[in-house]
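Analysis of the macromolecular model
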Amino acid sequence: MDDVINKRINEVLKGDQNAFEEIVTLFQHRLYQVCYRMLGNAQESEDIAQEAFVRAYINIHTFDQKRKFSTWLFRIATNLCIDRIRKKKPDYYLDANVPGTDGLNMYSQIAASGELPEEEVERMEMQERIHYEIGRLPEKYRSVIILRYIEELPLQEIGDILELPLGTVKTRVHRGREALRKQIGNM
Amino acid sequence: MNTCPEQIVHLMHAYLDGDISRDEERELKAHLESCPECKEIMNGLTESIAFIGSATPIKAPENFVDSVMTRLPKEKSQANAQRWLRRHPLFAAAAMFLILMSASLFSSYGNDQQFSVTKQPNLIVEGQTVLVPAGETIKGDIVVKNGTLRIDGEVDGDVTVIRGSKYMASTAIVTGTSEEIDEVFDWLWYKMKQTVKDIFPSSNDDKLDE
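Residues numbered from 1 in each chain as written. Chains lettered and ligands numbered in written order. Predicted model: local features only at pLDDT ≥ 70, side-chain atom pairs only at ≥ 80, totals over all residues. Heavy atoms only, no water.

Some details on the overall build of chain A
Where we set the bar: Working definition: helices are DSSP H or I runs of at least four residues, strands are E runs of at least two. Numbering for both runs from the N terminus. Each residue gets one of three labels from its accessible area relative to the maximum for its type: buried under 20%, exposed over 50%, partly exposed in between, using a 1.4 Å probe on protein chains only. Contacts are residue-level and defined by heavy atoms, with any inter-residue pair within 4.5 Å sufficient. Each accessible area is a Shrake-Rupley result for a 1.4 Å probe, and residues are judged covered by the shown protein chains and nothing else.
Helix and strand content of chain A: eleven helices and zero strands. Start at the N end of chain A and walk to the C end: the helices and strands fall as α-α-α-α-α-α-α-α-α-α-α. Counting the 187 residues in chain A, one finds 55% classified as buried. A separation of at least 24 residues holds for 59% of the contacts in chain A among residues at least 6 apart in sequence. Element-wise, carbon and sulfur atoms account for 48% of the exposed surface of chain A, whose accessible area totals about 9,000 Å².

Section: the interface of chain B and chain A
Note the threshold: Once two parts are brought into contact, the accessible area they lose, counted with a 1.4 Å probe and summed over both, makes up the buried area. Basic side-chain nitrogens of Lys or Arg form a salt bridge, by our definition, when they fall within 4 Å of a carboxyl oxygen of Asp or Glu. Identification of polar contacts relies on pairs of N or O atoms within 3.5 Å, with a donor-acceptor requirement for protein atoms, meaning one able to donate a hydrogen and the other able to accept it, and with residues adjacent in sequence counted only if both atoms are side-chain atoms. Gly is placed with the polar residues, together with every amino acid not listed as nonpolar (Ala, Val, Leu, Ile, Met, Phe, Trp, Tyr, Cys and Pro) or charged (Asp, Glu, Lys and Arg).
Counting from both sides, the interface comprises 35 residues of chain B and, opposite them, 44 residues of chain A. Between chain B and chain A the total buried area reaches about 3,900 Å² when both faces are included, carbon and sulfur atoms providing 63% of it. Across the contact surface, chain B and chain A share four salt bridges. Linking D17 of chain B and R177 of chain A is a salt bridge whose minimum nitrogen-to-oxygen distance equals 3.0 Å. The interface formed by chain B and chain A contains 14 residue pairs in polar contact (both at pLDDT 80 or more). Residue contributions to the side of chain B that touches chain A peak at eight residues, all from helix α3 (residues 36–53) of chain B. Here the side of chain B that touches chain A is composed, by residue class, of 18 nonpolar, nine polar and eight charged.

Observations regarding a nonpolar patch on the surface
To keep it simple, the criterion reads: Patch building starts from residues that exceed 30% relative accessible area and form no salt bridge, then joins like charges within 9 Å and nonpolar side chains (Val, Leu, Ile, Met, Phe, Trp, Tyr) within 5 Å.
A contiguous nonpolar surface patch, about 320 Å² in accessible area, is contributed by M96, I99 and L100 of chain B. Tracing the backbone through its elements, the reader meets M96 of chain B in helix α6 (residues 89–111).

Topic: the state of the cysteines
Definition in use: In plain terms, two cysteine sulfur atoms within 2.5 Å form what is called a disulfide here.
As enumerated under the stated definition, the model contains zero disulfides over all chains in all. Lacking any disulfide linkage, C4 of chain B is separated from the closest cysteine sulfur, that of C38 of chain B, by 3.3 Å.

Quick notes on the pairing of strand β8 (residues 159–162) of chain B
Here is the key point about a regular strand: its side chains alternate between the two faces of the sheet. Residue and element names in this part refer to chain B. Heads up, the condition is: Note: two strands are recorded as paired if DSSP finds a minimum of 2 bridges between them.
Where burial is concerned, the two faces of β8 agree: the one with V159 and V161 and the one with T160 and I162 are both buried. Sheet topology places strand β5 (residues 142–145) next to β8; four bridges connect them, and they run parallel. By the bridge assignment, K145 is partnered in β8 with I162. Both β8 and strand β11 (residues 178–181) contribute to a ladder of four bridges, which runs parallel.

Considerations on the confidence of the model for chain A
Residues and elements named next belong to chain A. Selection criterion: Each residue gets a pLDDT score, which is the predictor's confidence in that residue and runs from 0 to 100.
In the predicted model, chain A carries a mean pLDDT of 86, and the fraction of residues at 70 or more is 85%. The secondary structure element of chain A with the lowest average pLDDT is helix α5 (residues 98–101), at 44, and the one with the highest is helix α10 (residues 155–162), at 97. Counting interchain partners and residues more than four positions distant, the pLDDT-below-50 stretch residues 91–112 has 27 contacts.

Here we look at the sheet that holds strand β4 (residues 137–139) of chain B
Strand-to-strand pairing in sheets goes through backbone hydrogen bonds, with the strands running parallel or antiparallel. Residues and elements named next belong to chain B. The sheet built from three strands is open, its strands ordered β4-β7-β10 with parallel pairing. The open sheet has two edge strands with one neighbour each: β4 and β10 (173–174). Alignment of β4 against strand β7 (residues 154–156), held across three bridges, turns out to be parallel. If you follow K139 over to β7, its bridge partner there is D156.

Here it is, written out as structure tokens:
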């Protein structure tokens, strides 16, 4: 897999833009999924995931081919997601009461909205609920939980992606699990 | 949890991370069997993980790849040139030299507004007009810049008028080439020819120059 990717990367480096298409095709779903779980809504996730690929293309000459490409790509994407989450934080209190009054488009509003009333949560379908619970996690824990339990990556790789020491990753995974347990309670 | 040692919670997470020793695992299991509170915490943790892990994979939208490809910057040719130059430093140096050279050529074309003429003994100069008198023969080339050249007599050599005009009487004879230069590219071409001539003087030119 890495050989194929490095071959394509070399073609991109030589100026063959089309070789990048195969790289996008290979990673599109995983990258989009990470963004979607991080940000919560489809529109933003599509934008950020695309942006991540564009940045990867522009900076491809900085990628060290001895390392794992997916790690590098995920790092670009998670950094963009975290930036986006931090930027929109101030205004998410403003619309926090909107989802409670309007259940129509809840799925798209979940992650941006924070808390929902208990009855609302209990009426959710399972997939909806999973998405909601991930979105409720503080951003610090959300990224490690997504990478650990949705992407099923080893702790070391998560550390490489988020540029955190292994110990910090472990602590965040532990706290993330605790947070989830408290959020979900006894189902 | 309040009464149980902190160590037990650590062991739970170590267990979930898969880095727990046999002895520690035995210690944890023994504790969980004797402590319903801790057992509930442990179950809560494993259930939460299983719950999150049962998320269905999310796929990127249909047109995702195409959208990315259209968003890529169209820097191809520029990037290519840069990469190519990085790999061929000698060419880069040569290109730089040419750019500087041509810059000096262009500037000399632009700045050189003054009237000038090649010194030849029989030429008559009146203001900005140079006259080759009738019946006279000029031996050698004539170059006139920013002025008018009238040829009534004979020139045994090349005649060049740069940004000016040239009138030839019916009696005029020019044995060499005769040209007028007005445009920058003509000028450049002329300069290049001159440079080549200076570097590789032919025997014919030598004779005329003397």
